[in-house]
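These are the residues of each chain, in order.
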Amino acid sequence: MKKVTLNVLTVSLMLGMVTLVACGGSSEEATETAKDAVEEATEIVEEVKEEVVEATISGEEVFTSKGCVACHQLETKTVGPSLKEIAAAYDGNKDGLIAFLKEEGEAIVDPAQAAVMQPQLAVTKALPAAELEALSEYILSNK
Ligand code: HEC
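Residues numbered from 1 in each chain as written. Predicted model: local features only at pLDDT ≥ 70, side-chain atom pairs only at ≥ 80, totals over all residues.

S.K.: Run through the overall build of the protein chain, naming residues and quoting values.
M.R.: Looking only at helices and strands, the protein chain has eight helices and zero strands in total. Scanning the protein chain from its N terminus toward the C terminus, one meets helices and strands in the order α-α-α-α-α-α-α-α. Looking at the protein chain as a whole, 13% of its 143 residues are labelled buried. Sequence separation of 24 or more characterises 60% of the internal contacts of the protein chain that already satisfy a separation of 6 or more. (Helix = DSSP H or I, 4+ residues; strand = E, 2+ residues; numbered from the N terminus. Buried ≥ 20, exposed ≤ 12 C-beta atoms within 10 Å, placed from the backbone. Contact = placed C-beta atoms within 7 Å.)

Structure follows, in structure tokens:
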């Protein structure tokens, strides 16, 4: 959220600049500068929006709502390995975990049981990027 605050500050500063420039005269240069500043501010607003959406998605909620809990417990192996075991195997490798969940990687935790997990990949593959990211962060946080 720090980055979001920083971006909001930047936008405020830039809008301040626009006001200053706009009141300072009507030369073409000033108009161009003001336009650039508005464009840049708009881009930052878009970025902030995305960050806010990402920050409000709970990976744990995705994990629960998509039914992963049916086979994965926090610390105990049930049908599937525990989240602790998965987090240990991936050891912070978020890109690797995301690749697996997008069906672009190999199973590394319990390859012998991969067929049981395989149908779930249709669910995880279809997740919006921000949800997949949050889900992976949640899984990795259970080390
Ligand atoms: C029907 C039971 C079942 C459900 C439901 C299930 N899993 Fe699995 N999962 C397994 C089994 C069994 C394995 C072990 C095979 C393997 O390692 O791929 C596994 C393995 C995994 C792994 C380790 C992959 C690796 O590299 O080996 C991840 C990550 C994972 N599951 C995530 C999920 C997520 C996220 C969901 C919910 C969308 C989910 N699972 C739902 C049974 C299930």
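Resuming the write-up.
S.K.: Run through the site of the ligand, naming residues and quoting values.
M.R.: As a structural note, the neighbourhood of the ligand is formed by 25 residues, with Cys 68, Cys 71, Gly 80, Ala 107 and Val 109 the closest of them. When residues of the shell around the ligand are traced back to their parent elements, those giving at least two are helix H5 (94-101), helix H6 (114-117), helix H7 (121-125) and helix H8 (129-140). With three residues, the single largest contributor to the shell around the ligand is H6. Tallied by class, residues from the shell around the ligand come to 17 nonpolar, six polar and two charged. (Near = placed C-beta within 6 Å. Nonpolar A, V, L, I, M, F, W, Y, C, P; charged D, E, K, R; others polar.)

S.K.: Tell me about the nonpolar core, and please be specific about residues and values.
M.R.: Residues Val 62, Leu 83, Ile 86, Tyr 90, Leu 97, Phe 100, Leu 132, Ala 134, Leu 135, Tyr 138 and Ile 139 constitute the largest nonpolar core, which totals eleven residues. Within the residue set of this core, elements represented by two or more residues are helix H4 (83-90), H5 and H8. Here this core gets five residues from one element, more than from any other, and that element is H8. In this view, Ile 139 contacts Leu 83, Ile 86, Ala 87 and Leu 97; residues no more than four positions away in its chain are not counted. (Core = buried A, V, L, I, M, F, W, Y, C linked by C-beta atoms within 7 Å.)

S.K.: Mind laying out the packing of H5 against H8, listing which residues take part and the relevant values?
M.R.: Look at H5 against H8: their axes get within 10 Å of each other, and the N-to-C directions meet at 120°. For the element pair H5 / H8, the angle class is oblique. At the point where H5 passes H8, the crossing takes the right-handed sense. Of H8, the residues touching H5 (which contributes Lys 94, Leu 97, Ile 98 and Leu 101) are Leu 132, Ser 136, Glu 137, Ile 139 and Leu 140. Residues of the contact of H5 with H8, tallied by class, amount to six nonpolar, one polar and two charged. (Axes fitted to C-alpha atoms, helices over the stretch in contact; angles between N-to-C directions. Parallel < 35°, antiparallel > 145°, perpendicular 65-115°, else oblique. Left-handed = near helix turned anticlockwise from the far one by under 90°.)

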